[in-house]
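Notes for the structure review
The chain contents come next:
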Amino acid sequence: MNLDSVNPFSVAWGKFSTGERMPFLISTETGMPLAEPSYWIIAERRALGRQPNTLANELRALSHLYMWAAAREVDISLRLREGIFFSLSEIVDIANFCGLYVADALKQIASVSSKVVSFRNRRTSRRVQSGEKQNRLTAIRRFIEFTSADFLSRLSAWPQRWSHYNAVRSECLKTLDGQRKGLVRRNNDDVGQREGLAEDVIKRLRDVIQPDHPENPFRPKVRFRNYLIVLLFLNLGVRRGELGGVMVADCFLGSKGTLTIHRRPDNPNETRRLPAATKTAARMLPLGGRLTEILHEWITQYRSKIPGARFHPYLIVSSETGKPMSLSNFNKIMDRLRQAVPGLPSDLTPHVLRHSWNDWFSEESDKKGFTEEDEVKWRKRLMGWRRAESAAHYLRRTIRRRSNSVLEIMQNELNIEKRGPEDE
């Protein structure tokens with residue numbers, strides 16, 4: 001077995017009798033959940049109302065602490081229980097380790113297993129973006145703070161031990177904060193950041209996804225379904241997990257059609273390994289006349305004839321089995337489009353189409369003269385956001401367009417006289 005490919009820690013899903021799904025960080029060797037991460041994710045993170053997929057992401061981030069410990073032969077439980085924590089050099093090493101891609105981190109674990117340590121790999125390994133590194137350190141910091149607080153509370157009967165443990169704990173958390181907060185996120189400017197698609201690219205996508213288009217890259221059997229999926233992403237700006245969670249009953253297909261995005265965190269009908277989840281607020285979205293017709297056609301003429309689809313309520317299904325379509329398949333549709341269709345960008349994803357919807361909404365707001373207050377208020381409701389600040393991530397193209405327009409107007413209004421020969 002290739003040691004480089006074996007991750008000793010992974011995230012596995014469990015399902016309670018209530019239908020609630022819960023992720024756990026497990027030892028790959030034993031298949032058992034790790035005690036302290038399980039207690040942290042249930043008693044602290046879950047108690048704060050975090051969505052299951054968010055909890056899974058936090059555990060994946062935390063797994064880098066355990067991979068580091070495996071590579072350095074450190075017992076995390078012992079360190080926290082005995083109040084040893086981590087030295088300054090170890091915390092710096094943890095921070096550097098959090099900058100590694102998983103494959104490169106596993107190479108360091110394999111080096112220890114084979115008793116061959118390669119310092120060259122430590123210096124030349126590729127590095128993740130600082131934002132991802134910061135996310136990992138944040139999860140590690142939260143875990144250490146919560147877990148050590150539990151151990152600290154057990155020392156209340158011994159004031160001297162409590163005081164020593166608390167002092168070492170505080171210094172460790174302070175040092176971790178310095179490593180985490182000192183990171184500068186890359187690409188804070190507006191060059192190279194994810195944006196919505198340009199107008200001509202959207203037109204190209206809308207054309208080629210038509211079921212009868214000669215460049216449509218999909219099998220005839222799935223063309224209409226994929227056509228609907230892309231239109232829903234483009235026209236409604238929904239997230240991948242939101243669309244995956246839509247049920248047939250959420251669609252009202254009358255003269256004024258609507259599609260409702262619901263939050264169903266403990267849905268007993270959910271059988272997918274990675275459950276569909278709605279991160280943002282529930283909301284009812286209007287459907288245009290043509291989109292209502294397409295949705296009605298999908299439900300009555302296509303979905304109803306797929307074996308297995310009638311055994312569950314989800315709208316978007318696998319063409320082969322009729323089971324709820326996995327979230328990864330939404331990405332595979334985009335992968336196929338961008339690989340097979342000239343003119344589509346290499347970063348085409350469902351989330352890029354959400355960015356595109358926000359740019360489209362901004363342009364319509366400009367054309368119709370909406371006030372800034374109304375634009376913010378309506379965008380929040382349609383996107384399901386609780387805070388207006390959430391829009392900033394999706395408006396890079398719009399902000400650049402609007403600011404460049406203002407700059408162009410300012411320059412045109414400047415009175416710049418042309419110099420003649422007599423001015424030389």
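Refer to the preceding data block for the structure.
Throughout what follows, the structure given in this document is the object of discussion. Numbers given to residues run from 1 along each chain, matching the order in which its sequence is written. A pLDDT threshold of at least 70 governs which residues receive local features in this predicted model, and a stricter bar of 80 or more applies before side-chain atom pairs are shown or counted, although totals over entire chains, interfaces and linings include all residues. Values reported for side chains reflect all heavy atoms of the structure, with hydrogen atoms and water molecules removed beforehand.

**Things to note about helix H4 (residues 88-97)**
Put simply, the rule reads: For each residue, the accessible area found with a 1.4 Å probe, counting protein chains only, is set against the maximum for its type, and the residue is called buried under 20%, exposed over 50%, and partly exposed in between. Segments assigned H or I by DSSP are reported as helices when at least four residues long, segments assigned E as strands when at least two residues long, and all are numbered from the N terminus. Read the arc as the range of directions from the helix axis to the C-beta atoms.
Taken together, the buried positions of H4 are Glu90, Ile91, Ile94, Ala95 and Phe97. Buried residues along H4 cover an arc of 160° about the axis, so they all sit on one side. What points out from H4, more than 90 degrees from its buried face, is the exposed set Leu88 and Ser89.

**Some remarks on the side chain of Ser63**
What counts here: Pairs of N or O atoms within 3.5 Å make up the polar contacts considered here, provided that, within protein, one atom can donate a hydrogen while the other can accept it, and that residues adjacent in sequence are counted only when both atoms are side-chain atoms.
Of note, Ser63 is situated in helix H2 (residues 52-72). There is a polar contact of 2.5 Å between the side chain of Ser63 and the backbone oxygen of Arg60.

**Here we look at the environment of Thr18**
Inspection of the secondary structure puts Thr18 in the loop between strand S1 (9-15) and strand S2 (21-27). It is 8.3 Å that separates the C-alpha atoms of Thr18 and Asn267, two residues lying 249 residues apart in sequence.

**Side note on the packing of helix H9 (residues 199-208) against helix H10 (residues 220-236)**
Keep this limit in mind: The angle between two axes is taken between their N-to-C directions and runs from 0 to 180 degrees, where each axis is a line fitted to C-alpha atoms and a helix contributes only its stretch in contact. When an angle is under 35 degrees it counts as roughly parallel; over 145 it counts as roughly antiparallel; between 65 and 115 it counts as roughly perpendicular; any other value is oblique. Helix crossings are classified by the rotation of the near helix relative to the far one: an anticlockwise turn of less than a right angle makes the crossing left-handed, while a clockwise turn makes it right-handed. The contact rule is simple, with two residues in contact once any of their heavy atoms fall within 4.5 Å.
The N-to-C vectors of H9 and H10 enclose an angle of 150°; their axes lie 10 Å apart at closest approach. Comparing the axis directions of H9 and H10 gives the class roughly antiparallel. Crossing geometry of H9 relative to H10 is assigned as left-handed. Taken together, the residues of H10 that come into contact with H9 (itself represented by Ile202, Leu205 and Arg206) are Val230, Leu231, Leu234 and Asn235.

**Here we look at the sheet that holds strand S4 (residues 258-261)**
The condition that has to hold: Criterion used throughout: strands pair if DSSP finds at least two bridges between them.
Judged by pairing direction, the sheet is antiparallel, and its three strands sit side by side in the order S3-S4-S5 without closing on themselves. In the strand order of this sheet, the two ends are held by strand S3 (251-252) and strand S5 (283-286), each with one partner. In this sheet, S4 lies alongside S3 in antiparallel orientation, the contact comprising two bridges. When the bridges of S4 are listed, Cys251 appears paired with Leu259.

**A word on the packing of H10 against helix H14 (residues 350-368)**
How two helices pack is summed up by the angle between their axes together with the distance between the axes. Note the threshold: Nonpolar residues are Ala, Val, Leu, Ile, Met, Phe, Trp, Tyr, Cys and Pro. Charged residues are Asp, Glu, Lys and Arg, and all others, Gly as well, are polar.
Between H10 and H14, whose axes approach to 7 Å, the crossing angle comes to 40°. One element, H10, and the other, H14, form an angle in the oblique class. Only Pro350, Leu353, Trp357 and Trp360 of H14 make contact with H10, whose side of the interface consists of Val230, Phe233, Leu234, Asn235 and Leu236. When grouped by side-chain class, the residues that make up the contact of H10 with H14 number eight nonpolar, one polar and no charged.

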